[in-house]
Amino acid sequence: MAEALGTFEEIMEYTQEESAAEDWQEAARRVSDGEAAFNIMGDWAAGYFDELGALPGEDYDWAASPGTDGTYMWLSDSFTLPVGAPNEEGALTWLELVASQEGQDTFNPLKGSIPAREDADPARYADSPYLESALEEWQSGPELAGSFWHGVTVGNRWKNDIDTAVGLYLGDGDTEAFNAALNEAAQSE
């Protein structure tokens, strides 16, 4: 863990101070505007770059985070059926649609993402070089890693404790205290 934190400390030397307070769109915009060299972000950033009129391969590009070749980080958009939904039949029809191949192949390209379905139609993603590449990688059977940030790998309490530890580290730069806080968070989960 100490080695990973040393790497994190080194990476932080290349970030903008204000980045900790920015949302992901502002950080991504800095890349497309040429104000930042890179941003580690999910596939929805490709949809955002498209909204900005940025051109793939010109204004933005993509690559696996260093040391992660062969691993695909994933998360899942979720639509739920609330208990006591006033129109349960309509809600179930909606859920069937968004879970279907047609629903996924309509929703995901608009969002700038790919579905987890094995039967996704590659032609529906061919308009975006990024999505085409991401779908090809997904369908190649990579090792899967759930997204910490989106709650796939840890519960809310643990994530909160980690977020607090990161925030304190960004304020004081104390790597030893950061390491201790992360260890404490892991022990309490």
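Residues numbered from 1 in each chain as written. Predicted model: local features only at pLDDT ≥ 70, side-chain atom pairs only at ≥ 80, totals over all residues. Heavy atoms only, no water.

**Q** How do you make sense of the environment of Trp44 when you look at a structure like this?
**A** Locating Trp44 in the fold gives a position in helix α3 (residues 44–51). Along the sequence, Trp44 and Ile114 sit 70 residues apart, while their C-alpha atoms lie 9.3 Å from each other. (Helix = DSSP H or I, 4+ residues; strand = E, 2+ residues; numbered from the N terminus.)

**Q** Looking at this model, I keep getting lost on the pattern of salt bridges. Mind explaining?
**A** Between side chains of opposite charge, a pair can form when the charged atoms approach closely. All chains considered together, the criterion is met by eight salt bridges. Put simply, Asp119 and Arg117 hold a salt bridge, and the shortest N to O gap is 2.8 Å. Judged by its relative accessible area of 35%, Asp119 is partly exposed. Owing to a relative accessible area of 26%, Arg117 belongs among the partly exposed residues under this scheme. Across the salt bridge formed by Lys159 and Asp163, the nearest N and O atoms sit 2.8 Å from each other. Of this pair, Lys159 and Asp163 both sit in helix α7 (residues 156–172), four residues apart, which is roughly one turn of the helix. Judged by relative accessible area, which is 13%, Lys159 ranks as buried. By relative accessible area, which is 26% here, Asp163 ends up partly exposed. (Salt bridge = Lys/Arg side-chain N within 4 Å of Asp/Glu carboxyl O. Buried < 20%, exposed > 50% of the residue type's maximum accessible area, 1.4 Å probe, protein only.)

**Q** Before we go on, may I ask you to explain the environment of Ala4 in this structure?
**A** Take Ala4: it is sitting in helix α1 (residues 2–12). Note: C-alpha distance between Ala4 and Ala37 (33 residues apart in sequence) is 22 Å.

**Q** Would you mind going over the nonpolar core with me for this structure?
**A** Side chains of nonpolar character tend, in soluble globular proteins, to be buried together. Core analysis: the biggest nonpolar cluster contains 17 residues, and Phe49, Ile114 and Tyr125 have the highest contact counts within it. Elements with a minimum of two residues in this core: α2 (24–32), α3 and α6 (129–139). Here the element with the most residues in this core is α6; it accounts for five residues. Aside from chain neighbours lying at most four places away, what touches Tyr125 is Gln104, Asp105, Asn108, Pro109, Ser113, Ile114, Pro115, Ala120, Leu131, Glu132 and Leu135. Within the second largest apolar cluster, seven residues are counted, among which are Leu5, Tyr169, Leu182 and Ala185. (Core = buried A, V, L, I, M, F, W, Y, C linked by side-chain atoms within 4.5 Å. Contact = heavy atoms within 4.5 Å.)

Geometric values such as these leave the question of function open.
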